[in-house]
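The lines below spell out each chain.
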Amino acid sequence: MWRHRFITGSWAWELPMGLVEDGETPEEAAAREVLEETGWRPGPIKPLIYAEPANGITDSQHHVFRIDGATYAGPPKEKNESDRIEWVPLSEVRGMIDRREVVSSGSLVGLLYLLMDEAIR
């Protein structure tokens, strides 16, 4: 998702993300957030990596999942989450990171792990 972050006044690509609500598992939260923010209903969800991006400074926990495939369900419910939504080939991700088009640690951790995982296959 192409998003504007008001605090930094910057635009960048990010993976869909959000908080786990009471009674939800991280997997359920991931599926809900993807649907709300993109309008796409995710296919099977597999854990990819767990990270604490600012360990010792905050107790933020990031559960990152791999989703291979999705079905379009309609426009996103969360209109203010992004300016546009695009499917980006994995082959383009490294260049986007190098050009600082992806800067969020939540997105970087998952994407870099995925790139590493794909490289050793």
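Please refer to the structure higher up on the page.
So, here's what we can say about the structure.

Reading guide: rules and limits
Residues numbered from 1 in each chain as written. Predicted model: local features only at pLDDT ≥ 70, side-chain atom pairs only at ≥ 80, totals over all residues. Heavy atoms only, no water. Helix = DSSP H or I, 4+ residues; strand = E, 2+ residues; numbered from the N terminus. Rg over C-alpha atoms; globule rule 2.2 N^0.38 Å. Buried < 20%, exposed > 50% of the residue type's maximum accessible area, 1.4 Å probe, protein only. Contact = heavy atoms within 4.5 Å. Areas by Shrake-Rupley, 256 points an atom, 1.4 Å probe, with all protein chains shown as cover. Lys, Arg positive; Asp, Glu negative; His and termini not counted. Charge placed at Lys NZ, Arg CZ, Asp CG, Glu CD. Salt bridge = Lys/Arg side-chain N within 4 Å of Asp/Glu carboxyl O. Axes fitted to C-alpha atoms, helices over the stretch in contact; angles between N-to-C directions. Parallel < 35°, antiparallel > 145°, perpendicular 65-115°, else oblique. Left-handed = near helix turned anticlockwise from the far one by under 90°. Nonpolar A, V, L, I, M, F, W, Y, C, P; charged D, E, K, R; others polar. Core = buried A, V, L, I, M, F, W, Y, C linked by side-chain atoms within 4.5 Å.

With respect to the overall build of the protein
Right, on to step 1. A count of helical and extended segments in the protein gives 3 helices and 6 strands.
Right, on to step 2. Along the protein, helices and strands appear, N-terminal first, in the series β-β-α-β-β-β-β-α-α.
Right, on to step 3. Relative to its length of 121 residues, the protein is compact, with a C-alpha radius of gyration of 14 Å against a globular reference of 14 Å.
Right, on to step 4. Taken along the three principal axes of its C-alpha coordinates, the protein extends 35 × 30 × 30 Å.
Right, on to step 5. Of all 121 residues assigned to the protein, the portion counted as buried reaches 30%.
Right, on to step 6. Of the contacts made within the protein by residues no fewer than 6 positions apart, 53% connect residues no fewer than 24 positions apart.
Right, on to step 7. Accessible surface, the protein: about 8,100 Å² in total, of which carbon and sulfur atoms supply 55%.
Right, on to step 8. Computed over 13 positive and 21 negative side-chain charges, the inter-centroid distance for the protein is 5 Å.

With respect to the pattern of salt bridges
When the charged atoms of two side chains lie near each other, side chains of opposite charge can form a pair.
Right, on to step 1. Taken as a whole, this structure holds 12 salt bridges when the rule is applied.
Right, on to step 2. Of the charged contacts in the structure, one is a salt bridge between Arg-32 and Glu-21, with a shortest N-O distance of 3.6 Å. Residue Arg-32 is found in helix H1 (residues 26-38), and its partner Glu-21 is found in the loop between strand S2 (10-13) and H1; the two are separated by 11 residues along the sequence.
Right, on to step 3. Relative accessible area serves as the criterion here: at 17%, Arg-32 is assigned to the buried category.
Right, on to step 4. What you see here is one network of salt bridges that share partners, running through Glu-21, Glu-24, Arg-32, Glu-33 and Glu-36.

So, the packing of helix H2 (residues 90-98) against helix H3 (residues 105-119)
Right, on to step 1. Two elements in contact, H2 and H3, have axes whose closest approach is 11 Å; the angle formed by their N-to-C orientations is 130 degrees. Judged by the inter-axis angle, H2 sits oblique to H3. Judged by the sense of rotation from one axis to the other, the crossing of H2 with H3 is left-handed. Where H2 approaches H3, its residues Leu-90, Val-93, Arg-94 and Ile-97 are matched on the opposing element by Leu-108, Leu-111, Leu-112, Leu-114, Leu-115 and Glu-118.
Right, on to step 2. Split into classes, the residues belonging to the contact of H2 with H3 amount to 8 nonpolar, no polar and 2 charged.

A word on the nonpolar core
Right, on to step 1. Core analysis: the biggest nonpolar cluster contains 8 residues, these being Trp-2, Trp-13, Val-93, Met-96, Ile-97, Val-102, Leu-108 and Leu-111.
Right, on to step 2. Considering each element in turn, this core owes the most residues, 3 residues, to H2.
Right, on to step 3. The contact partners of Val-102, leaving out residues within four places of it in the chain, are Trp-13, Met-96, Ile-97, Ser-107, Leu-108 and Leu-111.

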